[in-house]
Amino acid sequence: MARILVTGVGGAAGASLARQLMAKGHWVLGVDRQRTRPGVADIVAVVSPCRAPEYLWELRGLVAKYDIQFLIPTVSEELVLAAEARDDFAPGVDVVIAQPAPVRTANDKYLTMTCLQSAGVSVPAFGLPSVLGSVHEAMDTLGGALVVKPRISRDGRGIRLLERTSDGGARAARIWATLDDSWIVQRFASGTEYASAILRGGSTPEPGDLVVVLEKTLPPMPRSGRSYSIRKLDGIAEPDVGRLATAAASSLGLTGPVGVDIRRMQNGIPVVLEVEARFGAYSAHAPQLVDNVLGRYLHGQLLGRSA
């Protein structure tokens with residue numbers, strides 16, 4: 001049994017991971033900036049927001065108090081901070097995240113797209129608002145409807161679809177007028193969406209590396225929000241998606257758990273939408289990832305230390 005601290009247990013990714021770990025017999029300390037429902041972890045502690053100066057010190061105190069062996073960050077906003085501090089906890093405490101430089105790149109969606117495009121990895125046409133001109137010029141340049149979202153990840157918040165509708169694009173123009181270059185613009189990929197879960201042990205392929213492809217579909221009449229139906233695909237289904245996800249993680253130099261969001265363009269070609277250096281909200285659909293990560297750490301095979 002391991003003693004594990006999981007951050008963000010009030011969110012979908014953290015709650016799912018904490019439950020998986022407890023079901024496997026591990027002891028879990030969950031932390032979140034708000035009080036959460038009981039039962040999500042063995043103990044839940046309320047901490048400061050991750051951007052607060054005291055946040056890391058609070059984590060270090062909890063790690064020492066509860067004799068934690070592993071710390072697993074799951075909140076998008078804290079990933080860079082966790083990567084930069086991953087060697088700054090007590091001896092014997094491992095932070096399950098990649099090296100700081102690739103995590104910083106993945107954290108900025110524009111840098112991610114630029115890096116992947118340079119490496120020959122398929123991405124949608126993209127750009128920055130200041131370069132693309134008006135919303136109509138952007139649609140013409142990128143080739144169709146647009147998706148705009150913050151460059152720095154906010155756990156999926158802030159994403160907007162801009163298209164020419166019956167209003168002639170007036171709504172899209174109003175949203176466009178509020179954007180600056182802290183946003184990225186991508187051509188909308190209208191095809192099937194996938195959440196690919198990756199595990200990479202180092203900078204070169206290793207026998208224990210994994211890729212799991214999950215197909216995401218929306219029900220015809222979602223009850224509230226965007227509640228996806230998730231289907232795990234077998235090893236021979238959608239092989240181009242698995243290869244693309246692996247290429248994206250490799251091109252960015254990410255190790256450990258990595259989530260790659262992919263969607264098909266109208267012509268069927270898959271493109272990478274974004275990449276995150278963490279266990280995602282759907283990790284329960286790929287339980288072998290958790291088993292593999294903890295197995296490596298418990299046997300001293302620290303992910304990415306040689307990257």
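Residues numbered from 1 in each chain as written. Predicted model: local features only at pLDDT ≥ 70, side-chain atom pairs only at ≥ 80, totals over all residues. Heavy atoms only, no water.

1. Overview of the overall build of the protein chain
Part 1 of the reasoning: Across its full length, the protein chain holds 10 helices and 14 strands.
Part 2 of the reasoning: Of all 307 residues assigned to the protein chain, the portion counted as buried reaches 50%.
Part 3 of the reasoning: For the protein chain, the proportion of contacts with a sequence separation of at least 24, taken over those separated by at least 6, is 62%.
Part 4 of the reasoning: In the structure as shown, the protein chain presents an accessible area of about 14,000 Å², 52% of it carried by carbon and sulfur atoms.
Part 5 of the reasoning: Here the protein chain contributes 33 positive and 30 negative side-chain charges, whose respective centroids are spaced 4 Å apart. (Helix = DSSP H or I, 4+ residues; strand = E, 2+ residues; numbered from the N terminus. Buried < 20%, exposed > 50% of the residue type's maximum accessible area, 1.4 Å probe, protein only. Contact = heavy atoms within 4.5 Å. Areas by Shrake-Rupley, 256 points an atom, 1.4 Å probe, with all protein chains shown as cover. Lys, Arg positive; Asp, Glu negative; His and termini not counted. Charge placed at Lys NZ, Arg CZ, Asp CG, Glu CD.)

2. Observations concerning the packing of aromatic side chains
Part 1 of the reasoning: Counted according to the given criterion, the structure contains two aromatic pairs.
Part 2 of the reasoning: Relative to phenylalanine 126, the ring of tyrosine 110 has its centre 5.7 Å away and its plane inclined at 70°; by these criteria the two rings are edge-to-face. Here tyrosine 110 is found in helix 5 (residues 109-118), whereas its partner phenylalanine 126 is found in strand 6 (residues 126-127), with 16 residues between them in sequence.
Part 3 of the reasoning: When the ring centre of tryptophan 27 is taken as reference, the NZ or CZ atom of arginine 3 above it lies at 4.1 Å.
Part 4 of the reasoning: For the cation-ring pair, arginine 60 lies above phenylalanine 89, with the distance from its terminal atom to the ring centre recorded as 5.5 Å. (Phe/Tyr/Trp six-rings, centres within 6.5 Å; stacked < 30°, edge-to-face > 60°. Lys NZ or Arg CZ within 6 Å of the ring centre and 35° of its normal.)

3. Regarding the sheet that holds strand 6
Part 1 of the reasoning: Taking strand neighbours across the sheet as the criterion, the four strands line up as 6-9-7-8 in an open arrangement whose pairing is antiparallel. The sheet is open, and its two borders are formed by strand 6 and strand 8 (160-162), each paired with just one other strand.
Part 2 of the reasoning: Helix-sheet contacts for helix 7 (residues 135-142) involve strand 6, strand 7 (146-150), strand 8 and strand 9 (183-187), and the interaxial angle to strand 7 is about 110°. (Pairing = 2+ DSSP bridges. Axes fitted to C-alpha atoms, helices over the stretch in contact; angles between N-to-C directions.)

4. Looking at the pairing of strand 14 (residues 270-276)
Two faces, one strand: in a regular strand the side chains alternate between the faces of the sheet.
Part 1 of the reasoning: Across the seven residues of strand 14, seven count as buried, placing the element largely inside the fold.
Part 2 of the reasoning: As judged from the six bridges shared by strand 13 (residues 256-264) and strand 14, these two strands associate in the antiparallel manner. Within strand 14, the residue paired with aspartate 261 across the bridge is glutamate 274.
Part 3 of the reasoning: The antiparallel pairing of strand 13 with strand 14 creates a hairpin that spans five residues between the two strands, and glycine 268 there sits at a positive phi of about 95°.

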